[in-house]
Amino acid sequence: MSDDSRPPAEDPREAPDQAPGRAAREPDGFAPSAPVAGPEALEAARGVQALPVLLGLAGHPDAEVRRAVAKALPFAGEPAPDSPRVRALLALCRDEDPGVRDAAVFSVGTLDEAYSPAVRAALHERLDDEDEDVAEEAVRGLANRQDASVLPRLIDLLETYRQPHVLTLSAAAVLGRPELLPVLAVLAAEDPDDPGIAAASEACDPVRRAERAALAWHLLEELAVRRPDLDAALVWPRFSADLQLEIHHGSGPLTYHADGLLDRAGQDPSRAAALVDAECPPGGG
């Protein structure tokens, strides 16, 4: 089944198109015996098997190797609040090299399970980093964690750049505070066609946010009446401004962007429920 209203599968983190040499042929995308001289291969590390090697290289004397480790750690190991990969990244957030710190703070900022007081403290520490890019990543990481104390810094980022970074706009949308509306209005006036600015503005508008939530809830109620056999729920993922409709049906779960589904249905929850009904035939066929 194809549905443009579902969330994109791509990951915002940069990764090389392919890892060179043997690493590209390994099942986990990483060869434990590969030479350390290839940071590109380290960046491509994936899976539980890569984690011990990456942790062992987190203190490597070559900054390029440490930076590659910081980029790869979010893709290795299993999510856990106080996992070895989180602890390694927190140490790399204090690395002497700004490029390593930048990669580590970015990685910490995007890990769903990295929500502990230690993570927040590390991100707050980097707000005053001498490297501007590192400080910006810290602002975004804290905004994603609903830390309202970074509002002035986030507003400053939005005011400073004519075209704010897409991740900054995303963080503004996730934080969803009305205090951001004035600066977003200025940006929207300068670039009315920017979808990131529009999405952030809508997410920060409490009236529009309540309307979206009410429509999504009505959609769920309509779906429960039409298809009580479906296991459906509304989910608001961490670090996201978008409500999702998750359905467990047939061979596996289906996920829709609630707003996108309602857009397809002309903002009519009954029609949106009918679309799901048609796309999820009884019996999981």
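For clarity, every value in this text was computed on a predicted model and none was experimentally measured.

Colleague: Summarise the pattern of salt bridges; cite the residues concerned and give the values.
Modeller: Side chains carrying opposite charge are able to pair once their charged atoms draw close together. Inspection of the entire model under this criterion finds 19 salt bridges. A salt bridge links Arg67 to Glu64; the nearest nitrogen and oxygen atoms lie 2.6 Å apart. Residue Arg67 and its partner Glu64 are located together in helix 3 (residues 63–72), separated by three residues, close to a single helical turn. Using a relative accessible area of 38% as the deciding quantity, one classes Glu64 as partly exposed. With its nearest N and O atoms 3.1 Å apart, the salt bridge here joins Glu179 to Arg177. Glu179 sits in the partly exposed class, given a relative accessible area of 38%.

Colleague: A description of the pairing of strand 2 (residues 244–249) should follow, citing residues and the corresponding values.
Modeller: Both strand 1 (residues 231–235) and strand 2 contribute to a ladder of five bridges, which runs antiparallel. What sits directly across from Val235, in strand 2, is Gln244. Pairing analysis gives six bridges linking strand 2 to strand 3 (residues 252–257), with the strands arranged antiparallel. Bridged to His249 within strand 3 is Gly252.

Colleague: Describe in detail helix 9 (residues 166–175), supporting the description with residues and values.
Modeller: Owing to its 3.6 residues per turn, the α-helix brings residues three or four apart onto one side. Across the 10 residues that make up helix 9, a large majority, seven, are buried. Among the residues making up helix 9, those that are buried are Thr168, Leu169, Ala171, Ala172, Ala173, Val174 and Leu175. Buried positions along helix 9 lie against helix 7 (132–144), helix 8 (151–160), helix 10 (181–190), helix 11 (195–204) and helix 12 (206–226). Where helix 9 ends, the next residue or the one after it, Gly176, has phi of about 60°, a positive value.

Colleague: Provide a residue-level description of the confidence of the model for the protein chain, including the pertinent values.
Modeller: Scored by pLDDT, the protein chain comes out at a mean of 84, with 82% of its residues at no less than 70. Here helix 1 (residues 39–43) stands out as the least confident element of the protein chain, with mean pLDDT 63; helix 10 is the most confident, with 96. Taken together, the stretch residues 1–37 has pLDDT below 50 and engages in 61 contacts with residues farther than four places along the chain or on a different chain.

Colleague: Go over the sheet that holds strand 2, please, and point to the residues and values.
Modeller: Spatially, 1-2-3 is the arrangement adopted by the three strands of the open sheet, whose pairing is antiparallel. Unpaired on one side and paired on the other, strand 1 and strand 3 mark the two borders of the sheet. Ignoring which end each strand starts from, the neighbouring axes of this sheet average 20° apart. Lying over the sheet, helix 12 contacts strand 1 and strand 2, oriented at roughly 175° with respect to strand 1.

Colleague: Before we move on, can you summarise the side chain of Arg101 with the specific residues and values?
Modeller: Among the structural elements, Arg101 can be located in helix 5 (residues 98–110). When sequence neighbours within four positions are dropped, the list of residues in contact with Arg101 reads Leu92, Cys93, Arg94, Asp95, Glu96, Arg126, Asp129, Glu130, Asp131 and Val134.

Colleague: Outline the packing of helix 5 against helix 6 (residues 117–126), supporting the account with residue identities and numerical values.
Modeller: Where helix 5 contacts helix 6, the axes come no closer than 11 Å and their chain directions differ by 140°. As far as their axial angle goes, helix 6 and helix 5 are oblique. Note on packing geometry: the crossing formed by helix 5 with helix 6 is left-handed. Contacts from Arg101, Val105 and Val108 in helix 5 reach Val119, Leu123 and Arg126 in helix 6.

Colleague: Would you mind going over the packing of aromatic side chains in detail, with residue names and values included?
Modeller: To describe a pair of aromatic rings, you give the distance between the ring centres and the angle between the ring planes. Per the stated rule, a full pass over the model turns up one aromatic pair. In this structure, Arg120 packs its charged tip against the face of Tyr115, placed 5.1 Å from the ring centre. Its guanidinium or amino end placed over the ring of Tyr115, Arg238 lies 3.7 Å from that ring's centre, counting from NZ or CZ.

Colleague: Account for helix 5, naming residues and giving values.
Modeller: In this model helix 5 runs 18 Å from its N-terminal to its C-terminal C-alpha over 13 residues, within 8% of the 18 Å that 1.5 Å per residue would give. Within helix 5 the residues assigned to the buried category are Val100, Arg101, Ala103, Ala104, Val105, Phe106, Ser107, Val108 and Gly109. Those residues of helix 5 that are buried lie in contact with helix 3, helix 4 (84–92), helix 6, helix 7 and helix 9. Its side-chain oxygen at 2.9 Å from the backbone nitrogen of Gly99, Asp97 defines the N-terminal cap of helix 5.

Reading the values: rules and limits
- Residues numbered from 1 in each chain as written.
- Predicted model: local features only at pLDDT ≥ 70, side-chain atom pairs only at ≥ 80, totals over all residues.
- Heavy atoms only, no water.
- Salt bridge = Lys/Arg side-chain N within 4 Å of Asp/Glu carboxyl O.
- Helix = DSSP H or I, 4+ residues; strand = E, 2+ residues; numbered from the N terminus.
- Buried < 20%, exposed > 50% of the residue type's maximum accessible area, 1.4 Å probe, protein only.
- Pairing = 2+ DSSP bridges.
- Contact = heavy atoms within 4.5 Å.
- pLDDT = per-residue confidence, 0-100.
- Axes fitted to C-alpha atoms, helices over the stretch in contact; angles between N-to-C directions.
- Parallel < 35°, antiparallel > 145°, perpendicular 65-115°, else oblique.
- Left-handed = near helix turned anticlockwise from the far one by under 90°.
- Phe/Tyr/Trp six-rings, centres within 6.5 Å; stacked < 30°, edge-to-face > 60°.
- Lys NZ or Arg CZ within 6 Å of the ring centre and 35° of its normal.
- Expected span 1.5 Å × (residues − 1).
- Polar contact = N/O pair within 3.5 Å; in protein donor to acceptor, adjacent residues only side chain to side chain.

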